[in-house]
Each structure stands twice: as C-alpha cells, then as structure tokens.
Amino acid sequence: RATNGPVYAEVLADALGLAPPAPSLAGGTGYAWAGSEAGQGIGPLGLPRIGLQIDMFLGDRGGQAGDGLFVIQAGAANLYWEAPYSPAKIASDIASHVRHLAAAGGQHFLIVNIPPLGHSPQLAGSPAEVRFNTLGRRADALVEAAVKPLAQELGITLLWLNARDLLEAAMTVPEAFGLGNVTE
C-alpha cells in the first residue's frame, strides 16, 4: 500500500455503496499492486505486472471475468522505473490487457491515463520534469488510439478517467479539492 488514506478504488466503491475491495492475497477482489507496470510477468521491483495480475484474477475465477468494472491504470511505473520505456509499448500492453479481459467475458472498462509524473516531488523542478510529462502525454495519446477502437470491435464499454487534468487542476487550485500543500 503506497498511501496513508483510501485509494480511488476504495473511494469509488464507497460512492457506489459497495464494500471496499480487499487485497486478493487476503481473499478479496483487489488485484492491483501499487507501483506495478503494464505488460506481462514480473517488473524490475519484483511486482506482478498488470498481465500477471489479470492472469491471477482469471485463475481465481475459472477463466471467467464476470460482470464487473475493470479499472486499468498503467504506464506511469513503466515510464518511471524502466526509462526509457516506449509509450507505444505501454499502449500495446494496455490494449492487450483489455483484449484479454474481454475474451474472458469482461464488458465494462475504466481506463485511467497517466498523471503528470513530472510534477511529483521527486521530479518537479528537475531537468526530467518536462521529459516525464511529455512521455506521459505521448503514452496517453497512443493508449487512446489503441484502445478506443476496441469498444466497437469487441462490443465492450469503455470509460475514461483523465487523471492528468484532474491532478493538474488540483495542483493549480488545491483549496478547491480540500488540499493544502501540493508540492511536497
């Protein structure tokens, strides 16, 4: 867990009147790992990438995705931990993840774009700030181009959450979001 408060999946569950997802290793439905990447196998930090998380999820359910909302947020860790990771590879991986879940019966997907990594405390004000924000925007455009056609091709529902614009707005007017210090 990489936060001292609720993650958006818990906030979303609460807003929908659902119980928050418990970690899959504890028998729950939360298969996401903070800091994991798009792609298959194990990443450089020893975390299961999204493809392996999907395999674990489907393995626990007899290969059937079920009728849930599948949230796919990936790419930021690829750019951050595996630089220079190709934005085109991120797009290809995310499209592959959507296809994999759709082939198992998944119908509803929420795709979250890459937040402005360059604004993070580790990178803000450094020479890497602009580079990481540019890579994130490029990856987002390629993901959208690779994934949007899948709605019609696979007969699935795609929803989009623009984390980049939301976080940039929160940094510009933090008090509107109930925030104070957004630079540390």
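Heads up: these notes are all about the structure in this document. These numbers come from a predicted model, not from an experiment.

Here we look at helix α4 (residues 87–103)
Then, in step 1: Taking 1.5 Å as the rise per residue, α4 with 17 residues should run 24 Å; its terminal C-alpha atoms sit 24 Å apart, in good agreement.
Then, in step 2: Of all the residues in α4, the buried ones are P87, I90, A91, D93, I94, A95, H97, V98, L101 and A102.
Then, in step 3: Those residues of α4 hidden inside the fold are in contact with α2 (50–60), β1 (69–73), α3 (76–81), β2 (108–112) and α5 (128–154).
Then, in step 4: The N-cap of α4, judged by a side-chain oxygen 3.1 Å from the amide nitrogen of A88 a few residues on, is S86.
Then, in step 5: After α4 finishes, the residue G105 shows a positive phi value of roughly 105°.

As for the side chain of Q53
Then, in step 1: Position of Q53 relative to the elements: it lies in helix α2.
Then, in step 2: On the basis of relative accessibility, which here comes to 6%, the residue Q53 falls in the buried class.
Then, in step 3: Reaching out from Q53, the side chain makes a polar contact with the backbone oxygen of P48 at a distance of 2.8 Å.
Then, in step 4: Setting aside residues no more than four positions away along its own chain, Q53 makes contact with Y31, A32, W33, S36 and P48.

Remarks on the packing of α2 against α4
Then, in step 1: Where α2 contacts α4, the axes come no closer than 10 Å and their chain directions differ by 10°. In terms of their interaxial angle, α2 and α4 are classed as roughly parallel. Facing I50, G51, I54, D55, F57 and L58 of α2, the residues of α4 in contact are H97, H100 and L101.
Then, in step 2: Taken together, the residues of the contact of α2 with α4 sort by class into five nonpolar, three polar and one charged.

Remarks on the pattern of salt bridges
Then, in step 1: For the coordinates displayed, the defined rule picks out six salt bridges.
Then, in step 2: A salt bridge links E37 to R49; the nearest nitrogen and oxygen atoms lie 3.1 Å apart. Residue E37 is found in the loop between α1 (8–15) and α2, and its partner R49 is found in the loop between α1 and α2; the two are separated by twelve residues along the sequence.
Then, in step 3: For E37, a relative accessible area of 3% puts it in the buried group.
Then, in step 4: Assessed through its relative accessible area of 15%, R49 is described here as buried.
Then, in step 5: We note a salt bridge from K89 to D93, for which the minimum N-O separation is 2.7 Å. With a gap of four residues between them, K89 and D93 both fall in helix α4, about one helical turn apart.
Then, in step 6: Accessibility expressed as a relative area gives 7% for D93, which makes it buried.
Then, in step 7: Salt bridges sharing partners connect three or more residues here, namely D140, R164 and D165.

Quick notes on the packing of α4 against α5
How two helices pack is summed up by the angle between their axes together with the distance between the axes.
Then, in step 1: The N-to-C vectors of α4 and α5 enclose an angle of 30°; their axes lie 8 Å apart at closest approach. As judged from the angle between their axes, α4 and α5 are roughly parallel. Taken as a pair, α4 and α5 cross one another with a handedness that is right-handed. For the pair α4 and α5, the contacting residues are P87, A88, I90, A91, I94, A95, V98, R99 and A102 in the first and L135, R138, A139, L142, V143, A146, V147, L150, E153 and L154 in the second.
Then, in step 2: Class assignment for the residues of the contact of α4 with α5 results in 16 nonpolar, no polar and three charged.

Rules used in this analysis
Residues numbered from 1 in each chain as written. Predicted model: local features only at pLDDT ≥ 70, side-chain atom pairs only at ≥ 80, totals over all residues. Heavy atoms only, no water. Helix = DSSP H or I, 4+ residues; strand = E, 2+ residues; numbered from the N terminus. Expected span 1.5 Å × (residues − 1). Buried < 20%, exposed > 50% of the residue type's maximum accessible area, 1.4 Å probe, protein only. Contact = heavy atoms within 4.5 Å. Polar contact = N/O pair within 3.5 Å; in protein donor to acceptor, adjacent residues only side chain to side chain. Axes fitted to C-alpha atoms, helices over the stretch in contact; angles between N-to-C directions. Parallel < 35°, antiparallel > 145°, perpendicular 65-115°, else oblique. Nonpolar A, V, L, I, M, F, W, Y, C, P; charged D, E, K, R; others polar. Salt bridge = Lys/Arg side-chain N within 4 Å of Asp/Glu carboxyl O. Left-handed = near helix turned anticlockwise from the far one by under 90°.

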